[in-house]
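Given next are the chains, with one letter for each unit.
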Amino acid sequence: MTSKQTGEKWVAELLEGHPGRFFDNFRMSKQIFCDLLILLEESYGLKGSRRTATREVLGMTLYILGHHETLRKTSERFQHSTETISRYFEKGLRALTSLSMDIICPTDPQFRHTPAHIENDDRYMPYFKDCIGAIDGTHVDACIPVHEQVAYIGRHGSPTQNVMAVCDFNMCFTYVVPGWEGSAHDSRIYHRVVRDRRCKFPYAPPGKYYLVDAGYPLETGLLKPFPETRYHLTDFARGNRYIEGRREIFNQAHSSLRSVIERSFGVWKNKWRILRKMPQYSFSKQCVIVVATMALHNYIRRHPSKVDPEFRACDLDKTFVHPEAYEHRAQRRGTVRVTTPRVEPVIYDGTGAPEMSALREFIAHQLENARG
């Protein structure tokens, strides 16, 4: 490594240069980077060495996560050996994982207040005043040995890990469970998580609920749409007939409000490109990367500067979803192709289904009456 443009000099040049260039390389603004650096140094143990500054360690970590760069290319960019890059990347992930324990959580753990997104929007208030967030699963590219791939290949034709997440209406993740096989159905993951106290799922308090799609059960704490009725916003957008009846009115409002989790997934995957083409790390490290990038997602969103262009695009257009939110997998050489037709499991309603069904009918009647 003989270049005069060392990694430390490159980071310093970017910090003094055009803000667009800094954002393109590290996927956040200079101000957010500097504040994050101080936080990780002071509270989460991120440290460099005599020859490598801490801000260079953070720069390496963000560079790999934001561009799915290999260790060899990162080594050339920062003028360190691949062993050094690997060691500092591990340190960066470790610090971000520690941060995740404090930042991937509800800002109002008792859910005492109606979310501002609902309270300030006549489309949802007062109908969904007791809603506290949305739950869904998304698929992240996975690099799996050929002899283990079959379980990780779902309907996408390539290995993925199914990640279950909960988000609030500020587009922040409040809970995440990575590491499930791509063939696992959302309802199966949900049932395993809520039954295992070690998973520390943030259960909805009495009278509160999460929004879910048809892949989840109707039960206490979960409100799903009416079955056998138009639901997705794209179905309403391209439909050539009016929205008819209380069921379609409810489903449209439900879908519009629940879309916050799709928008969150879109920003997350668009910003951290490693999620769309995972390198050949161990599967446990791939799961750590999912959690670390979600911690970064929340930190950027909650930063007081509010300057991130990807979040801003969603704020300016409440219907905008980054294309990356929808399942996209890069094909890999050696991937096993599975041609068996996908069989959707039967979703059985759970405890409290009659009460949640009655609530759904009540909200549907309220929405219908409001529309005259």
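Residues numbered from 1 in each chain as written. Predicted model: local features only at pLDDT ≥ 70, side-chain atom pairs only at ≥ 80, totals over all residues. Heavy atoms only, no water.

**A word on helix α11 (residues 283–302)**
Then, in step 1: In this model, α11 (20 residues) spans 29 Å end to end at C-alpha, consistent with the 28 Å of a helix rising 1.5 Å per residue.
Then, in step 2: In terms of residue burial, α11 counts as a mostly covered element, since 16 of its 20 residues are buried. (Helix = DSSP H or I, 4+ residues; strand = E, 2+ residues; numbered from the N terminus. Expected span 1.5 Å × (residues − 1). Buried < 20%, exposed > 50% of the residue type's maximum accessible area, 1.4 Å probe, protein only.)

**Points about the pairing of strand β2 (residues 160–167)**
Then, in step 1: Counting buried residues along β2, eight of its eight residues qualify, which places the element largely inside the surrounding structure.
Then, in step 2: Every second residue of β2 is oriented toward a common face, with Thr160, Asn162, Met164 and Val166 on one face and Gln161, Val163, Ala165 and Cys167 on the other, all of them buried.
Then, in step 3: Pairing geometry for strand β1 (residues 131–141) and β2, over eight bridges, is antiparallel. For alanine 134, the partnering residue across the bridge sits in β2 and is cysteine 167.
Then, in step 4: Hairpin connection from β2 to strand β3 (residues 173–181): five residues lie between these consecutive antiparallel strands, with methionine 171 at a positive phi of about 65 degrees. (Pairing = 2+ DSSP bridges.)

**Things to note about the UniProt feature "domain: DUF8040" (unreviewed entry) in the protein**
Then, in step 1: Within this structure's numbering, the places UniProt gives as "domain: DUF8040" (unreviewed entry) are residues 2–97.
Then, in step 2: Between the first and last C-alpha atoms of residues 2–97 the distance is 33 Å; the span itself is 73% helix and 0% strand. (UniProt positions renumbered as here; feature names shortened; annotations may be inferred.)

**Concerning the sheet that holds strand β4 (residues 209–211)**
Then, in step 1: Strand order in the open sheet made by the five strands is β3-β2-β1-β4-β5, with mixed pairing throughout. Two strands bound the open sheet, and with one partner strand each, they are β3 and β5 (222–223).
Then, in step 2: Along the sheet, helix α10 (residues 245–271) makes contact with β1, β2, β3, β4 and β5, crossing β1 at roughly 45 degrees.
Then, in step 3: Relative to β3, α11 is tilted by about 160 degrees, and along the sheet it contacts β1, β2 and β3. (Contact = heavy atoms within 4.5 Å. Axes fitted to C-alpha atoms, helices over the stretch in contact; angles between N-to-C directions.)

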